[in-house]
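Notes for the structure review
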Amino acid sequence: MRDKTQTNSAAPGDRLVRAGAVVFFIGALATLVTVAPLFLGTSPFPTYMFGLSMLMAVGFVMAGAGVLRSVAAGRRQARAGR
């Protein structure tokens, strides 16, 4: 029997995972921009660029929270199905 969940329906943590991925990639780009002057021999970027690099960790935590939220919703749904 097919599952009653639509293939295009969003689970509870999906938006959080997507937002976390976007924030992570912005942080990864900021990290590459911050590290580039070390290899190119130019003057380093201002300190706030190092702060933007921390967005990588923030995005990772956001995506992890979305995964945990999705797992919790799946457990609740499994318990209700018994």
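Structural notes, computed from the coordinates.

To continue, consider helix α1 (residues 14-40). The first and last C-alpha atoms of α1 sit 39 Å apart over 27 residues, in line with the 39 Å expected at 1.5 Å per residue. Along α1, the residues classified as buried are G20, V23, G27, A30, T34 and P37. Residues of α1 that are buried sit in contact with α2 (47-53) and α3 (55-80). G41, located one to two residues past α1, shows a positive phi value of around 75 degrees.

Within the structure shown, the criterion is met by one aromatic pair. Ring centres of F24 and F25 lie 5.7 Å apart, and the angle between their planes is 80 degrees; on these two criteria the pair is classed as edge-to-face. The exposure class of F24 is partly exposed, given its relative accessible area of 28%.

Conventions we followed
Residues numbered from 1 in each chain as written. Predicted model: local features only at pLDDT ≥ 70, side-chain atom pairs only at ≥ 80, totals over all residues. Heavy atoms only, no water. Helix = DSSP H or I, 4+ residues; strand = E, 2+ residues; numbered from the N terminus. Expected span 1.5 Å × (residues − 1). Buried < 20%, exposed > 50% of the residue type's maximum accessible area, 1.4 Å probe, protein only. Contact = heavy atoms within 4.5 Å. Phe/Tyr/Trp six-rings, centres within 6.5 Å; stacked < 30°, edge-to-face > 60°.

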